[in-house]
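# Remarks on the overall topology
Spelled out, the chains give:
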Amino acid sequence: MSKTFTVSDVATHNKADNLYIIVDGDVYDVTKFQDDHPGGKKILQRVGGKDASKQFWKYHNEGILKKLTDAAGLPPLVIYVGQLDLFVKEDVRYATLFLQAGIDTELHVVPGLPHGFNGLAKDHRATKDLFDLSVRYLKRLPAE
């Protein structure tokens, strides 16, 4: 369940160690993102605790909002990727961000294998390992 904030609630989150912004009515905790912000942390700190919609849309497109969502409360994350996968660097970056957000994260980079290897080489040892890892992961999740 998501938390509801009033504008006055967000206004209290205006310090570098507790920094929230509003963009189009949605609230984003940007505290841990400040050092990674391409425009620098001072820009975020200037609009911290405020509606930053006007400033945000001046420099960003809609895709960037997907990178700002809160990871709190997510289940453990397992990323299993081939070393030759076109998205391996992105997967490593995501795993790092989730770890920094305090999410239990495992990253497995399989040497010498491309994207979709588990569909291409069903009898490969790495495909079997991926299946076993998936079963272990699913057993860790709480029953609903």
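Right above here is the structure, for reference.
Below, the structure is looked at part by part. (Residues numbered from 1 in each chain as written. Predicted model: local features only at pLDDT ≥ 70, side-chain atom pairs only at ≥ 80, totals over all residues. Heavy atoms only, no water.)

### Structural notes on the sheet that holds strand 3 (residues 26–29)
- Across the sheet, 3 strands lie side by side as 1-2-3; this open sheet has antiparallel pairing. The open sheet terminates on both sides in strands that have one partner only, identified here as strand 1 (14–15) and strand 3. (Pairing = 2+ DSSP bridges. Helix = DSSP H or I, 4+ residues; strand = E, 2+ residues; numbered from the N terminus.)

### Brief notes about the nonpolar core
- Counting 9 residues, the largest nonpolar core is built from Leu19, Ile21, Val23, Tyr28, Val30, Leu44, Val47, Ala52 and Phe56.
- Elements that contribute at least two residues to this core include exactly strand 2 (18–23) and helix 2 (41–47).
- Top element by residues in this core is strand 2. It accounts for 3 residues.
- Val110, Leu113, Phe117 and Leu130 belong to the second largest nonpolar core, which has 5 residues in total. (Core = buried A, V, L, I, M, F, W, Y, C linked by side-chain atoms within 4.5 Å. Buried < 20%, exposed > 50% of the residue type's maximum accessible area, 1.4 Å probe, protein only.)

### Focus: a nonpolar patch on the surface
- A surface patch of nonpolar side chains, about 190 Å² in accessible area, is lined by Val92, Leu107 and Val109.
- Mapped onto the secondary structure, valine 92 falls in helix 4 (residues 88–100).
- With relative accessibility at 34%, the residue valine 92 sits in the partly exposed group. (Patch = residues over 30% accessible without salt bridge, like charges linked within 9 Å, V, L, I, M, F, W, Y side chains within 5 Å. Areas by Shrake-Rupley, 256 points an atom, 1.4 Å probe, with all protein chains shown as cover. Salt bridge = Lys/Arg side-chain N within 4 Å of Asp/Glu carboxyl O.)

### A short note on the packing of aromatic side chains
- Applying the stated criterion to the full structure yields 2 aromatic pairs.
- With 4.9 Å between their ring centres and 90 degrees between their planes, phenylalanine 56 and tryptophan 57 make a pair best called edge-to-face.
- Ring geometry for tyrosine 80 against phenylalanine 117: centres 6.0 Å apart, planes inclined by 40 degrees, an arrangement best described as tilted. Within this pair, whereas tyrosine 80 is found in strand 4 (residues 77–82), its partner phenylalanine 117 is found in helix 5 (residues 117–120), the two being separated by 37 residues in sequence. (Phe/Tyr/Trp six-rings, centres within 6.5 Å; stacked < 30°, edge-to-face > 60°.)

### Section: helix 6 (residues 125–140)
- When the terminal C-alpha atoms of helix 6 are compared, their 23 Å separation across 16 residues agrees well with the 22 Å that a helix rising 1.5 Å per residue should span.
- Regarding helix 6, the residues found buried are Ala126, Thr127, Leu130, Leu133 and Tyr137. Buried residues of helix 6 fall within an arc of 120 degrees about the axis and therefore sit on the same side. Exposed residues on helix 6 whose side chains face more than 90 degrees from its buried face are Arg125, Phe131, Arg136 and Lys139.
- Here the buried face of helix 6 lies against strand 4, strand 5 (105–110) and helix 5. (Expected span 1.5 Å × (residues − 1). Arc of directions from axis to C-beta. Contact = heavy atoms within 4.5 Å.)

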